[in-house]
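Breakdown of the fold
Residues per chain are reported as follows:
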Amino acid sequence: MSFLKPLAHTSRRWAGSSPSGLLTRSLASTASTVPTKNCTRITPPYAKLVSNLEKVKRVLDHRPLTLSEKILYSHLTEPEEVKPVRGQTYLKLSPDRVAMQDASAQMAILQFMLAGMPTTAVPTSIHCDHLIVGHKGADQDLVNSIENNKEIFNFLQSAAEKYGMSFWKPGSGIIHQIVLENYAAPGLLMLGTDSHTPNAGGLGSIAIGVGGADAVDAMANIPWELKAPEVIGIKLTGKLNGWTSPKDVILHIAGKLTVRGGTGHIIEYFGPGIETLSCTGMGTICNMGAEVGATTSLFPFVPSMASYLHATGRGPVAEAARQHAQFLQADAGAVYDKVIEVNLSTLEPHINGPFTPDLATPLSKFADVVRQNGWKDEVKVGLIGSCTNSSYEDMDRVTSLAKQAVEKGIKSKAGFFITPGSEQIRATIERDGQTGVLEQVGGVVLANACGPCIGQWTRDDLNEKEENAILTSFNRNFKNRNDGNATTMNFLTSPELVTAMSLSGKLTFNPMTDPLVDASGNEFMLQPPYGDNLPLNGFIPGNLSYTPPDVSEPNGAIEINVDPKSSRLQVLEPFGPGPEGEFEDLQVMLKVKGKCTTDHISAAGPWLKYKGHLENIAHNTLNGALNADNEKVNVVQNVFTGKEGAIHEVGRDYQKLGKPWIVVTDHNYGEGSAREHAALQMRYLGCPLILARSFARIHQTNLKKQGVLPLTFADPADWDRMHGGDVIESTVGVADLVAGRPGKNDTPEGGEITLKVRRPNGERYEIKALHTMSKDQVEWFKKGSALNAARG
Ligand code: SF4
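Residues numbered from 1 in each chain as written. Predicted model: local features only at pLDDT ≥ 70, side-chain atom pairs only at ≥ 80, totals over all residues. Heavy atoms only, no water.

Looking only at helices and strands, the protein has 24 helices and 29 strands in total. Computed over C-alpha atoms, the radius of gyration of the protein comes to 27 Å, within 12% of the 28 Å expected from 2.2 N^0.38 for 792 residues, which places it in the range of a compact globule. Projected onto its principal axes, the C-alpha positions of the protein cover 90 × 60 × 55 Å. In the protein, which comprises 792 residues, the proportion classed as buried is 61%. Expressed as a percentage of contacts within the protein between residues at least 6 apart in sequence, the contacts between residues at least 24 apart total 77%. Summing over all exposed atoms, the protein offers an accessible surface of approximately 28,600 Å²; the carbon and sulfur share of this is 51%. Charge-centre separation for the protein: the mean point of 76 positive side chains lies 1 Å from the mean point of 84 negative side chains. (Helix = DSSP H or I, 4+ residues; strand = E, 2+ residues; numbered from the N terminus. Rg over C-alpha atoms; globule rule 2.2 N^0.38 Å. Buried < 20%, exposed > 50% of the residue type's maximum accessible area, 1.4 Å probe, protein only. Contact = heavy atoms within 4.5 Å. Areas by Shrake-Rupley, 256 points an atom, 1.4 Å probe, with all protein chains shown as cover. Lys, Arg positive; Asp, Glu negative; His and termini not counted. Charge placed at Lys NZ, Arg CZ, Asp CG, Glu CD.)

As structure tokens, then:
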């Protein structure tokens, strides 16, 4: 394979297709091509990684490793201290970079502020994309969204300036497209506070979607923990052709693996078919790996990645990667936990949905499925773009279809919206004429943001609750996802099929077999799409005011803007230190029965607007929890007043009385997302200890990070003995734990804590409980939180 700088591509195909007034948006500050970036902070430290990997390989007796293992293990904080076993060992890792979107960045930054650090330990970027609506079109929508969210955007910007984070303001683009264009690099390990962070795997990065607390670990130089994932190898052979595109690879795989099939795994692609794909096409494939639950997805370093790096001003990164090309491939003979083969030459276009991304139907069968289900044969709206599918290649290929329609004098029968993934894409396709052609068929260009992909879509074309079908090139299609309407059926497909089927307006339309009708009433067949991977004349950055400097220096003099009267943002106070000795007089407020996920502990939905305000969001604490003593949800008795109240209310009352309280919970407490609010809120309301039959691992770690001691029953049957209203008069073993003294029954995994309990009737009993606190975690507990410990 050759890693030479790419040669020029084909001609500027859409010249002469003049764009509309949108052109004026970017002229004033538009540069001609993307300048070479300062790559010092975006080039992975290859020499160090290779050296680390050598150490790990010695521990592993030089067995061949998959690429996923090579990248992960080379980022171990102590590469000689563990012998990683896939699916078993917990790895302590040092990520290279963090990216956060505007919704999830709020609490992450509020927490990071507690670390008292002048800057982040690793380069970090913030992207304003989720809070921007799609409605009338880019200009108007952007102005309205900025007005409605200016408090949040101002906060994020001031924090970015203070701590030296790169701030991508509203309108600059969608987090994953911006990361691909600016920060992703082969061999990089990055964390992103968004589930489609794996998009960067298209450029050879291990990029993992995490909760804010995990991102804060990396930002505050706290080792980040991950159970060594198993690895699914996907062997690609052949070459895509005709109507099939990279999106079809992952739509097909989603059908095979289902929404849970990738859980606990990294999906690693290999085989000769890889060499035929563009870098951005591989990004699309990795992006939607999130839909099968995979930890992340990635491709090895191939020439199309080098081409993309050069085209986006990162030639030095391409050169450094080329020099370490061996490191950036799986070892010969590496063994995968499971292998799936996909022949690109015979792969059919797919349409997935509605309501779940793994309901995959090949295009040739889709019309039958529509008829069998009795769905109305109408495409109401087609939407292309988003972080999944808004590359230059995507836009060029859909333009080749729209151009045919223009030449035949027809427009899209369905509503048609285009969401560019970034200002760079928007400006480049405007210059090269794609925008003009798409507008000529009726396309409306929305802001460079998430908009309709995340429910920020205001529709004017629909009566409420009317069943309708939309086609999108996005990645998720759960009910209500796009327009908040549960009867909107969202089908996921390639941008090319979205465009062709929108032109026809029919859900049963198959462009490979069915004709369209031109303005004169004559039938014609759409020719298959074609397009350039990269623009012949290079990318242009567009409005330069959207691009932050390559290196953002911290400025400690900046005040972070948080209005004390705000209902959406609240500066956090550091939690106080943990106990110096045993706990005494812990009130058992509640015994929870059955499932208690992070959604039960800290619900989402309407509460999302309070993500940056701990006091306000704490009103939802445990509001989905079933009280085992009264069989009521979110109802508990205040033992001091005898009155019943919501759990957060009683928690706040106990806190006012200076009474620390605990909850006793059932199995797998805290399963679900990595949402740190579920741990933060408990601590905030005065809960220093949770006693469970068992914990979900990530939530257990999150509790430890917030200074809460998670204990499990040594005998799970003891759950039956405890009840709300009991009081833990004292613990035995916590004093040893915090003093670093070995306990009587310590094991390599932890130790034993005895709880001396008194019932309301005065009867006394003892419970044996277990902790799993490591030395580092004991420090967090003593100091009150991991961030307090990081602050020293
Ligand atoms: Fe998430 Fe959609 Fe935004 Fe991508 S475009 S980051 S999937 S909301």
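Right, let's get into the environment of valine 249. Tracing the backbone through its elements, the reader meets valine 249 in helix α8 (residues 246–257). Leave out the neighbours within four places in its chain, and valine 249 touches Leu236, Leu240, Ile285, Leu344 and Leu347.

A word on the packing of aromatic side chains. Counted under the stated rule, the structure contains 13 aromatic pairs. Each ring, one from phenylalanine 270 and one from tyrosine 336, has its centre 4.9 Å from the other, and the planes form 10 degrees; the classification is stacked. Of this pair, phenylalanine 270 sits in strand β9 (residues 265–270) while tyrosine 336 sits in the loop between α11 (315–323) and β11 (338–343), placing them 66 residues apart in sequence. Judged by its relative accessible area of 22%, phenylalanine 270 falls in the partly exposed class. The exposure class of tyrosine 336 is buried, given its relative accessible area of 13%. One aromatic cluster is present, formed by Tyr308, Tyr392 and Phe539 through successive ring pairs. The cationic tip of lysine 479 hangs over the ring face of phenylalanine 355; the distance from NZ or CZ to the ring centre is 4.9 Å. Over the ring of tyrosine 90 we find arginine 697, and its NZ or CZ is 3.4 Å from the ring centre. (Phe/Tyr/Trp six-rings, centres within 6.5 Å; stacked < 30°, edge-to-face > 60°. Lys NZ or Arg CZ within 6 Å of the ring centre and 35° of its normal.)

Moving on, we get to helix α16 (residues 495–504). Of all 10 residues making up α16, 10 are buried, and the element is well covered by its neighbours. Once α16 finishes, glycine 505 follows within two positions and takes phi at roughly 75 degrees, a positive value.

You can see aspartate 518 is positioned in the loop between β19 (516–517) and β20 (523–524). Lysine 408 provides the closest opposite charge to the buried, salt-bridge-free aspartate 518, at an N-O distance of 4.8 Å. Every residue in contact with aspartate 518, bar those within four places of it in the chain, is listed here: Lys408, Ile410 and Phe524. (Salt bridge = Lys/Arg side-chain N within 4 Å of Asp/Glu carboxyl O.)

Time to look at the sheet that holds strand β6 (residues 206–209). One open sheet holds the 5 strands; their spatial order is β4-β3-β2-β5-β6, and the pairing between them is parallel. Either end of the sheet is taken by a strand with one partner, and the two such strands are β4 (166–168) and β6. Averaged over all neighbouring strand pairs, the angle between strand axes comes to 20 degrees, with direction disregarded. Here strand β5 (residues 189–192) pairs with β6 via 4 bridges, running parallel. Its bridge partner being in β6, glycine 192 is matched across the sheet by glycine 209. The strands touched by helix α3 (residues 102–114) are β2 (97–101) and β3 (124–127); relative to β2, the strand with the most contacts, the crossing angle is about 120 degrees. (Pairing = 2+ DSSP bridges. Axes fitted to C-alpha atoms, helices over the stretch in contact; angles between N-to-C directions.)

Attention now moves to the environment of leucine 236. Topologically, leucine 236 is positioned in strand β8 (residues 230–237). Residues leucine 236 and isoleucine 340, 104 residues apart in the sequence, show an inter-C-alpha distance of 8.7 Å. With residues up to four places along the chain from it excluded, the contact list for leucine 236 reads Val249, Tyr269, Phe270, Gly271, Pro272, Gly273, Ile274, Leu277, Phe299, Val342 and Leu344.

For the rest of this paragraph, the subject is the environment of leucine 53. Relative to the assigned elements, leucine 53 resides in helix α1 (residues 46–59). Judged by relative accessible area, which is 5%, leucine 53 ranks as buried. Note: C-alpha distance between leucine 53 and leucine 657 (604 residues apart in sequence) is 54 Å. Once you skip the residues sitting within four places of it in the chain, leucine 53 turns out to touch Leu65, Lys70, Tyr73, Ser74 and Phe327.

The next thing to look at is the nonpolar core. Core analysis: the largest hydrophobic core is formed by 173 residues, its most contacted members being Tyr73, Ile109, Leu236, Tyr269 and Phe299. Here this core takes 8 residues from α3, the largest share from any one element. For phenylalanine 299, the contacting residues outside a window of four places in its chain are Leu67, Gly201, Gly202, Gly204, Leu236, Tyr269, Ile274, Leu277, Met282, Ile285, Cys286 and Met305. In terms of nonpolar packing, the next biggest core, distinct from the first, is built from 26 residues, Leu586, Ile753, Ala769 and Met773 among them. (Core = buried A, V, L, I, M, F, W, Y, C linked by side-chain atoms within 4.5 Å.)

Between helix α9 (residues 279–287) and helix α10 (residues 303–311), the least distance of the axes is 8 Å, while the angle of their chain directions is 105 degrees. Here α9 is positioned roughly perpendicular relative to α10, judged by the angle of their axes. Where α9 abuts α10, its residues Cys279, Thr280 and Met282 lie against Ser304, Met305 and Tyr308. Here the residues of the contact of α9 with α10 sort into 4 nonpolar, 2 polar and no charged. (Parallel < 35°, antiparallel > 145°, perpendicular 65-115°, else oblique. Nonpolar A, V, L, I, M, F, W, Y, C, P; charged D, E, K, R; others polar.)

This part is about a nonpolar patch on the surface. Residues Val639, Phe640 and Leu657 make up a contiguous nonpolar surface patch of roughly 260 Å² in combined accessible area. As for its position among the elements, valine 639 is in the loop between β22 (636–637) and β23 (644–645). Residue classification places valine 639 among the partly exposed residues on the basis of a relative accessible area of 36%. (Patch = residues over 30% accessible without salt bridge, like charges linked within 9 Å, V, L, I, M, F, W, Y side chains within 5 Å.)

Pairing between side chains of opposite charge can happen when their charged atoms approach one another. Inspection of every chain in the model, using the stated rule, returns 37 salt bridges. Across the pair glutamate 729 and arginine 764 runs a salt bridge, and its minimum N-O distance is 2.8 Å. Linking glutamate 729 in strand β27 (residues 727–732) with arginine 764 in strand β29 (residues 764–771), this pair joins segments that are 35 residues apart in sequence. A relative accessible area of 21% places glutamate 729 in the partly exposed class.

What follows covers the confidence of the model for the protein. With 96% of its residues at a pLDDT of 70 or more, the protein has an overall mean of 93. Note that residues 1–11 has pLDDT below 50 and, in this model, 22 contacts with residues that lie over four places away or in other chains. (pLDDT = per-residue confidence, 0-100.)

Quick look at empty space enclosed by the protein now. For the structure on display, the rule yields 5 cavities of 30 Å³ or more. Together, Arg41, Ile42, Arg97, Pro123, Thr124, Gly164, Ser166, Tyr183, Asp550, Val551 and Ser552 line the largest cavity. Within the lining of the largest cavity, the residues separate by chemical class into 4 nonpolar, 4 polar and 3 charged. (1 Å grid on protein atoms, 1.4 Å probe; cavity = no way out; pocket = protein on both sides within 12 Å on 5 of 7 lines; lining within 4 Å. Points joined across faces, edges and corners; volume = space filled by probe spheres on them.)

As enumerated under the stated definition, the model contains 0 disulfides in all. With no disulfide partner, cysteine 128 has as its closest neighbouring cysteine sulfur the one in cysteine 450, 11 Å distant. (Disulfide = S-S within 2.5 Å.)

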